[in-house]
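# Descriptive structure summary
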Amino acid sequence: MTKTQRILAAFALAGAAAGLAAPAASAAQPAPLTLPDLPTAAPGMPQGATPGSVQEIGAKVSEGANQLNQLMTLPDQLQPAIAPVAPLVDLLGAVQ
């Protein structure tokens, strides 16, 4: 066997081994997804100080995101109150 024939044979064997290993790898059961343990309250903390479930944590995060979104739209909400005095404020800024 020449060197080239040996290299080709090695590639063929590697390809065959990969082809045989692929179905076995796909048949393996995936590891189950586990969530971390929820934090526990320190001694002396009130009963509701720690979350009771992952859904409760998600609700708190969602509530905080909604509050942040409302804060981001605050300039748009204040525009009707600022519009009537805007010319006066611009004039005072020009006097400075």
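Here we summarise the structure given alongside this text. (Residues numbered from 1 in each chain as written. Predicted model: local features only at pLDDT ≥ 70, side-chain atom pairs only at ≥ 80, totals over all residues. Heavy atoms only, no water.)

## Topic: the overall build of the protein chain
When helices and strands are counted, the protein chain shows 4 helices and 0 strands. In sequence order, the protein chain lays out its α and β elements as α-α-α-α. Split by element, the accessible area of the protein chain, about 8500 Å² in all, is 67% carbon and sulfur. (Helix = DSSP H or I, 4+ residues; strand = E, 2+ residues; numbered from the N terminus. Areas by Shrake-Rupley, 256 points an atom, 1.4 Å probe, with all protein chains shown as cover.)

## A few points about the environment of Asp37
Here Asp37 shows up in the loop between helix H1 (3-27) and helix H2 (54-72). The class of Asp37 is exposed, set by a relative accessible area of 75%. Once the C-alpha coordinates of Asp37 and Ser53 are considered, the two residues, 16 residues apart in sequence, prove to be 9.8 Å apart. (Buried < 20%, exposed > 50% of the residue type's maximum accessible area, 1.4 Å probe, protein only.)

## Some remarks on a nonpolar patch on the surface
Residues Leu68, Leu71, Met72, Leu74, Leu78, Ile82, Val85 and Val89 make up a contiguous nonpolar surface patch of roughly 740 Å² in combined accessible area. Contributing elements (two or more residues each) for the nonpolar patch: H2 and helix H3 (74-82). Checked against the element boundaries, Leu74 lands in helix H3. Relative accessible area serves as the criterion here: at 34%, Leu74 is assigned to the partly exposed category. (Patch = residues over 30% accessible without salt bridge, like charges linked within 9 Å, V, L, I, M, F, W, Y side chains within 5 Å. Salt bridge = Lys/Arg side-chain N within 4 Å of Asp/Glu carboxyl O.)

## Here we look at the packing of H2 against H3
Packing of H2 against H3 leaves a shortest axis separation of 4 Å and a crossing angle of 40 degrees. In this view, H2 runs oblique relative to H3, as classed from their interaxial angle. Contact with H2, carried on its side by Gln70, Leu71 and Met72, involves Leu74, Pro75 and Gln77 of H3 and no other residues of that element. Along the lines of polarity and charge, the residues of the contact of H2 with H3 split into 4 nonpolar, 2 polar and no charged. (Axes fitted to C-alpha atoms, helices over the stretch in contact; angles between N-to-C directions. Parallel < 35°, antiparallel > 145°, perpendicular 65-115°, else oblique. Contact = heavy atoms within 4.5 Å. Nonpolar A, V, L, I, M, F, W, Y, C, P; charged D, E, K, R; others polar.)

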